[in-house]
Amino acid sequence: MISIETHNLTVSYNRRPVLWNIDFELPTGKIIGIIGPNGSGKTTLLKAIMGLVPTSSGYVKIFDQDLNDVRSRVSYVPQRESVDWDFPASVMDIVLMGRYKKDTLFKRISKADKDLAAEALEKVNMLEYSNRQISQLSGGQQQRVFIARSLAQGADIYIMDEPFVGVDAATEEAILKLLSDMKDEGKTVVVVHHDLQTAKDFFDWIVLLNTRMVAAGPIEEIFNEKLLQEAYGGKLNVLSQVGDLMKEKAFDVRE
Amino acid sequence: MNSTFQFLSFSDPNVLFVVLGTMILGASAAIVGCFSFLRKRALVGDAIAHSILPGVCLAFMLTGSKNPLYLIIGAFITGWLSLLLIDGITRTTKLKSDTAIGIILSVFFGVGILLLTSIQHSGNASQAGLDKFLFGKAASLTKDDVYVFGTIALILIAVVILFYKEFKLISFNPDYAKVIGLPVRFLEFMLATITVLAVAVGIQAVGVVLMAALLITPASGARFWTDKLSVMILIATAFGAISGFLGSYISYIAPAMPTGPWIVMCLSVLTIGSIWFAPKTGMLAKYKVQKDNQRKILIENVLKLFYHLGERGSGFNNERSVKDLLATRDLRTKELKRGLRLLKKENWLRKKGNNWLITQSGLNEAKRIIKLHRLWEMYLNQRLKLQPDHVHNDAEAIEHIITPELERQLEKELNYPTKDPHESIIPYAE
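Since this is a predicted model, take the numbers as computed values, not measurements. (Residues numbered from 1 in each chain as written. Chains lettered and ligands numbered in written order. Predicted model: local features only at pLDDT ≥ 70, side-chain atom pairs only at ≥ 80, totals over all residues. Heavy atoms only, no water.)

Turning next to the overall build of chain B. For chain B, the count of helices and strands is 18 helices and 2 strands. In terms of overall size, chain B is more extended than a compact globule, its C-alpha atoms giving a radius of gyration of 32 Å where 430 residues would be expected to give roughly 22 Å. Expressed along its principal axes, the backbone C-alpha trace of chain B runs to roughly 100 × 60 × 35 Å. Residue burial in chain B is summarised as follows: out of 430 residues, 49% are buried. Positive and negative side-chain charges in chain B, numbering 46 and 32 respectively, have mean positions lying 3 Å apart. (Helix = DSSP H or I, 4+ residues; strand = E, 2+ residues; numbered from the N terminus. Rg over C-alpha atoms; globule rule 2.2 N^0.38 Å. Buried < 20%, exposed > 50% of the residue type's maximum accessible area, 1.4 Å probe, protein only. Lys, Arg positive; Asp, Glu negative; His and termini not counted. Charge placed at Lys NZ, Arg CZ, Asp CG, Glu CD.)

Below, the structure written as structure tokens:
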């Protein structure tokens, strides 16, 4: 079964495409890495999948449906630095946000929601911190709180943006253990990752990205010198020049 | 004293209206201000306040009346328009939001002043008092005003209670709110609407120029007292209401004093007070931590002198003179004497004539510090590969902060070393 499909997905900032015709189908029940150098459009790809940035062309299907119809089955873990951790909230407050839904507008948080949030915190070994103010957390703990929030949502697909960046060894281990548990439960986890050293051990499946898609497939087929060289060997010269030109001339990617 | 009694008894109904009006205005501005503050949009309130002036003038020109309802509707429309334009400018051009706010604020305010001047010269008799919007007219709030403000304040509080958890989420992480399918645009619209409303009514109290203070100051002061959003909103609301009350009181007992500016003065005092005196986060609390640290460093350093002298062969039970001690370490006499006094209070030193003697508990404490110092030197040498002649200064500072927990970790990780990188013995407790 296919979890996420992107079809000729192009995303532009100021008309310059940062992702060109990304076209792949991801399997279910795997830990999937989106790998590529800095500035290769990994975060943008996640944001496009989650409908956070407008697309210039193409579409995304999740379980063969539009995102709007399957939102509750997809969960998103944004980059830790994307929020201000000085916000007046406790760990529990943040994890409970994973229980908010479109149809619970006006409704108060229930006891069952709190239990689910506590369970999610326990899975990332953070239950004892549930009353802690979030500004007092270390980077790794913040990351685990974000993951717990996403777990509390109880989704089938988890999309995580750089969860391993700047975390301590204990957190890295906790996240890896969690990922393999999730896989055993049949969940699909998509992780943006930039560290080649660890990629081979973390993932079953990878998408190699550098503005365009270089390759996608099971790790043993994709993770080789030639393809990595292609992904990390810089952007395609002509492609970048065309992109620059589109920005300069204010030209859209579709007629 | 007499006038205080008159004020508090509200024997003059006008006083009651003014007090109620300013308290409601202060409180409602503070509530929405909390969200502006947390969404880092402190200056947007200022832009709305200035943009409201042309709306008020236009409403007066069209209706010819100073009915607060009409004026608020006019204010609301241009206030909203300014928000849309700021948003539009930041989204479609290269200009950043601070620039957009600056542009919109001055353009709208300029137009407002233009309209106001032309109204004032139009010979329309009922225009008198319209210029109060510039500086507020808290002292002349009427019963009608209070009804209108009260209703608006209730609407505003109802909206905040209804959407409390959603407002919290879009203030903390709007992207996440979008992803889980919350109607973020609608929620932002509601938040913007109550902000414009709060500003439109708040202006009646303090005027265009001081409005931003009414919005942001209570929130920024309240943030120092709590880490809970709900509590923060309550404290900010209290700050707003208290300032409204005090501002009216001051202008009552001293009739030459303007109410609006005094409300803002009271708010500022509360906020500056919070910055100074709040527990843990306040400046005073931070200063005290620094002082405590300095004290700890001083007494531990002085205690170490006794250990070092004893270690050099003269024994730990010998008396030391101030002169001996000064020769061991570069310390000012005054500081050394202060350290000695403090150590005596802890019973770690005894005084014998003019000399000083370390007690058994003092010696144990000294050993603990020396041990931490030498363990840390060892750690730097082994783990950070620092040369033995580079580790001392670091250890001088770190020895004062290592906790018993970390001490055990160090011992274990270094496998209970007996000597430091300089071959000095590491003293373990017996």
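Resuming the write-up.
Reports of interface size often rely on the accessible area that becomes lost once the parts have come together. With 24 residues of chain B at the interface, the matching set in chain A holds 31 residues. For the pairing of chain B and chain A, the buried interface totals around 2600 Å² over both sides, and the portion due to carbon and sulfur atoms is 66%. Viewed at the interface, chain A and chain B are joined by 4 salt bridges. Where B:Asp175 meets A:Lys47, a salt bridge forms, and the shortest distance between an N and an O atom there is 3.9 Å. Of all the elements in the fold, those that place two or more residues in the side of chain B that touches chain A are helix H8 (164-172), helix H9 (174-179) and helix H11 (229-253) of chain B. (Contact = heavy atoms within 4.5 Å. Buried area = accessible area lost by both parts, 1.4 Å probe. Salt bridge = Lys/Arg side-chain N within 4 Å of Asp/Glu carboxyl O.)

Glancing now at the confidence of the model for chain B. Of the residues in chain B, 100% have a pLDDT of 70 or more, and the chain-wide mean is 90. Both scores are given for the predicted complex: the pTM is 0.87, the ipTM 0.92. (pLDDT = per-residue confidence, 0-100.)

Considered as a void within the structure, the largest pocket measures approximately 1600 Å³ in volume. Lining the largest pocket are 43 residues, with B:Arg39, B:Arg41, B:Asp87, B:Pro174 and B:Glu188 positioned closest to its centre. Looking at the lining of the largest pocket, the elements with two or more residues in it are helix H2 (13-38), helix H3 (42-63), helix H4 (68-92), helix H5 (97-120), H8, H9 and helix H10 (184-222) of chain B. In this structure, the second largest pocket encloses a volume near 890 Å³. Lining the second largest pocket we find 30 residues, and of these A:Arg108, B:Tyr164, B:Lys165, B:Lys168 and B:Ser230 sit closest to its centre. Mapped onto the lining of the second largest pocket, the elements with two or more residues apiece are helix H3 (91-96) of chain A together with helix H7 (143-162), H8 and H11 of chain B. A breakdown of the residues in the lining of the second largest pocket according to their chemical character gives 15 nonpolar, 5 polar and 10 charged. (1 Å grid on protein atoms, 1.4 Å probe; cavity = no way out; pocket = protein on both sides within 12 Å on 5 of 7 lines; lining within 4 Å. Points joined across faces, edges and corners; volume = space filled by probe spheres on them. Nonpolar A, V, L, I, M, F, W, Y, C, P; charged D, E, K, R; others polar.)

Moving on: the nonpolar core. In this structure, A:Val95, A:Ile134, A:Met160, A:Leu179, A:Leu208, B:Phe167 and B:Met211 are the most contacted members of the largest nonpolar core, which totals 134 residues. Ranked by residue count, the leading element in this core is H10(B), at 22 residues. B:Met211 has contacts with B:Ala29, B:Ala49, B:Ala198, B:Val199, B:Gly202, B:Ile203 and B:Val206, leaving out every residue within four places of it along the chain. Counting residues in each nonpolar core, the second largest holds 31 residues, with A:Ile4, A:Leu45, A:Ile49 and A:Val192 among its members. (Core = buried A, V, L, I, M, F, W, Y, C linked by side-chain atoms within 4.5 Å.)

What follows deals with the pattern of salt bridges. Working definition: two side chains of opposite charge can pair if their charged atoms are close together. In total, this model carries 33 salt bridges over all chains according to the counting rule given. The closest approach of N and O atoms between A:Arg80 and A:Glu81, which form a salt bridge, is 3.6 Å. Judged by relative accessible area, which is 11%, A:Arg80 ranks as buried. A relative accessible area of 53% means that A:Glu81 is categorised as exposed. The residue A:Asp86 makes a salt bridge to B:Arg223 at a minimum N-O spacing of 3.9 Å. Taken together, the residues span two chains, with A:Asp86 in the loop between strand E5 (74-77) and H3 and B:Arg223 in the loop between H10 and H11. For A:Asp86, a relative accessible area of 46% puts it in the partly exposed group. We classify B:Arg223 as buried; its relative accessible area is 15%. One salt-bridge network, in which partners are shared between bridges, spans B:Lys296, B:Glu300, B:Glu365 and B:Arg368.

Next up on the list: H2(B). Residues and elements named next belong to chain B. Taking 1.5 Å per residue, 26 residues should reach 38 Å; H2 reaches 38 Å between its end C-alpha atoms and fits that length. Residue Val 32 marks the point of greatest curvature in H2, where the axis turns by about 30 degrees. In terms of burial, H2 is a largely internal element, 19 of the 26 residues being buried. Phi turns positive one or two residues past the end of H2, at Lys 40, with a value near 55 degrees. (Expected span 1.5 Å × (residues − 1). Bend = angle between axes of the 7 residues up to and from the residue.)

The subject of this paragraph is the packing of aromatic side chains. Under the criterion given, the structure shown has 13 aromatic pairs over all chains. Relative to A:Phe146, the ring of A:Trp85 lies with its centre 4.9 Å away and its plane at 50 degrees, an arrangement referred to as tilted. Taken together, the residues span a long stretch of sequence, with A:Trp85 in the loop between E5 and H3 and A:Phe146 in helix H5 (residues 139-152) at a distance of 61 residues. What links up through ring pairs into an aromatic cluster is the set A:Trp85, A:Phe87, A:Phe146 and B:Phe172. (Phe/Tyr/Trp six-rings, centres within 6.5 Å; stacked < 30°, edge-to-face > 60°.)

All names here are of chain B. Assigned domains within chain B: domain 1 (2-278), domain 2 (285-358) and domain 3 (363-414). Look at where the C-alpha atoms of domain 2 and domain 3 centre, and you get two points 20 Å apart. With 13 residues of domain 2 in contact, the opposing surface of domain 3 contributes 12 residues. Roughly 1200 Å² is buried in total at the junction of domain 2 and domain 3, and carbon and sulfur atoms are behind 64% of that figure. Summed over the three residues of domain 2 that lose the most area to domain 3, namely Glu 300, Lys 304 and Tyr 307, the buried surface amounts to 46% of that side. Connecting domain 2 to domain 3 are 5 salt bridges. A salt bridge links Arg 329 to Glu 396; the nearest nitrogen and oxygen atoms lie 3.0 Å apart. Along the contact surface separating domain 2 from domain 3 lie 7 residue pairs in polar contact (both at pLDDT 80 or more). Element by element, the count of residues in the side of domain 2 that touches domain 3 is highest for helix H13 (residues 283-314), at 9 residues. Considered class by class, the residues forming the side of domain 2 that touches domain 3 number 6 nonpolar, 2 polar and 5 charged. (Domains from an automatic or database assignment. Polar contact = N/O pair within 3.5 Å; in protein donor to acceptor, adjacent residues only side chain to side chain.)

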